[in-house]
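Residue strings, one per chain:
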Amino acid sequence: QVQLVESGGGLVQPGGSLRLSCAASGSIFSINVMGWYRQAPGKQRELVAAISSGGSKNYADSVKGRSTISRDNAKNTVYLQMNSLKPEDTAVYYCIANVRRVAGTVSDYWGQGTQVTVSS
C-alpha cells in the first residue's frame, strides 16, 4: 500500500501565498514523477505542476511565474509554493506520485485533496 497525505490548503486573500505539502508513505521503492493537479467546481482536473526525481519541472501556463514546485526525495515529499494567488486559483488540489513499489509494480497514486480558496 502507498498513501499520499496532503496539507497546507486553506483560505487566503487575493495576492496571498500558500505552501502545499504532500508526503508519500508505504511500500515505496522509488518515486519517479510527483506533481499537483487541481479541480475547480464544474471544471476538469488539470495539471498545475510536476517534478521528476532528477528535478526537472513543468508548470501550467496559468501558474508559471507564481508557483514553485520542489521535492525532498529523502522524505518522499513534494511541495507547491503558490504566490500572488488569484480567485481563479480556487480549487481542490490533488497530489500525484508515480511510484515503483518494493514488489516491483509501478502505479500512479493520488492524495485525498486539499481545498484552496482565494477570496477577500
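Cut-offs applied
Residues numbered from 1 in each chain as written. Predicted model: local features only at pLDDT ≥ 70, side-chain atom pairs only at ≥ 80, totals over all residues. Heavy atoms only, no water. Helix = DSSP H or I, 4+ residues; strand = E, 2+ residues; numbered from the N terminus. Contact = heavy atoms within 4.5 Å. Buried < 20%, exposed > 50% of the residue type's maximum accessible area, 1.4 Å probe, protein only. Pairing = 2+ DSSP bridges. Phe/Tyr/Trp six-rings, centres within 6.5 Å; stacked < 30°, edge-to-face > 60°. Lys NZ or Arg CZ within 6 Å of the ring centre and 35° of its normal. Polar contact = N/O pair within 3.5 Å; in protein donor to acceptor, adjacent residues only side chain to side chain. Disulfide = S-S within 2.5 Å. Core = buried A, V, L, I, M, F, W, Y, C linked by side-chain atoms within 4.5 Å. Axes fitted to C-alpha atoms, helices over the stretch in contact; angles between N-to-C directions.

J.: Quick rundown of the side chain of Thr 77? Include the residues and the values.
T.: Along the chain, Thr 77 falls in strand E8 (residues 77–82). When sequence neighbours within four positions are dropped, the list of residues in contact with Thr 77 reads Cys 22, Ala 23, Met 34, Ser 70, Arg 71 and Asp 72.

J.: Give me the pairing of strand E1 (residues 2–7): which residues, what numbers.
T.: Residue alternation in E1 divides its side chains into a buried set, Val 2, Leu 4 and Glu 6, and an unburied set, Gln 3, Val 5 and Ser 7. Both E1 and strand E3 (residues 18–26) contribute to a ladder of six bridges, which runs antiparallel. The residue of E3 that forms the bridge with Val 2 is Gly 26.

J.: Quick rundown of the packing of aromatic side chains? Include the residues and the values.
T.: This structure, assessed with the given rule, holds one aromatic pair. Taking the ring centre of Tyr 79 as reference, the NZ or CZ of Arg 19 above it sits at 4.1 Å. Positioned above the aromatic ring of Trp 110, the side-chain terminus of Arg 45 is 4.7 Å from the ring centre.

J.: Could you give an account of the pairing of E3, with specific residues and numbers?
T.: Both E3 and E8 contribute to a ladder of six bridges, which runs antiparallel. Within the sheet, the bridge partner assigned to Leu 20 lies in E8 and is Leu 80.

J.: A description of the side chain of Thr 114 should follow, citing residues and the corresponding values.
T.: Relative to the assigned elements, Thr 114 resides in strand E11 (residues 114–118). Accessibility expressed as a relative area gives 12% for Thr 114, which makes it buried. Within the local environment of Thr 114, its side chain forms a polar contact with the backbone nitrogen of Gly 9, the two atoms lying 3.4 Å apart. Setting aside residues up to four positions removed in sequence, Thr 114 forms contacts with Glu 6, Gly 9, Leu 20, Ala 91, Val 92 and Tyr 93.

J.: Give me the state of the cysteines: which residues, what numbers.
T.: A full pass over the atoms with the stated rule returns one disulfide. Here Cys 22 connects covalently by a disulfide to Cys 95, the sulfurs 2.1 Å from one another. On the sign convention where negative is left-handed, the bridge of Cys 22 and Cys 95, at about -80° about the S-S bond, is left-handed. Of this pair, Cys 22 sits in strand E3 while Cys 95 sits in strand E9 (residues 91–101), placing them 73 residues apart in sequence. Each of the two residues, Cys 22 as well as Cys 95, counts as buried.

J.: Which residues make up the nonpolar core, and what values do they have?
T.: Ranked by internal contacts, the top residues of the largest apolar core, which has 31 residues, are Leu 4, Trp 36, Ile 69, Val 78, Leu 80, Met 82 and Tyr 93. Every element with two or more residues in this core is listed here: E1, E3, strand E4 (28–39), strand E5 (46–51), E8, E9 and E11. Ranked by the residues each element gives to this core, the list is headed by E9, at five residues. Discounting residues that sit within four places of it in the chain, Ile 69 has contacts with Met 34, Gly 35, Trp 36, Ala 49, Ala 50, Ile 51, Lys 57, Tyr 59, Val 78, Tyr 79 and Leu 80.

J.: So what's going on with the sheet that holds E8? Residues and values would help.
T.: The strand order across the open sheet built from four strands is E1-E3-E8-E7, with neighbouring strands paired in antiparallel fashion. The sheet terminates laterally at E1 and strand E7 (67–72), the two strands that pair on one side only. For this sheet, the mean inter-axis angle between neighbouring strands, taken without regard to orientation, is 15°.

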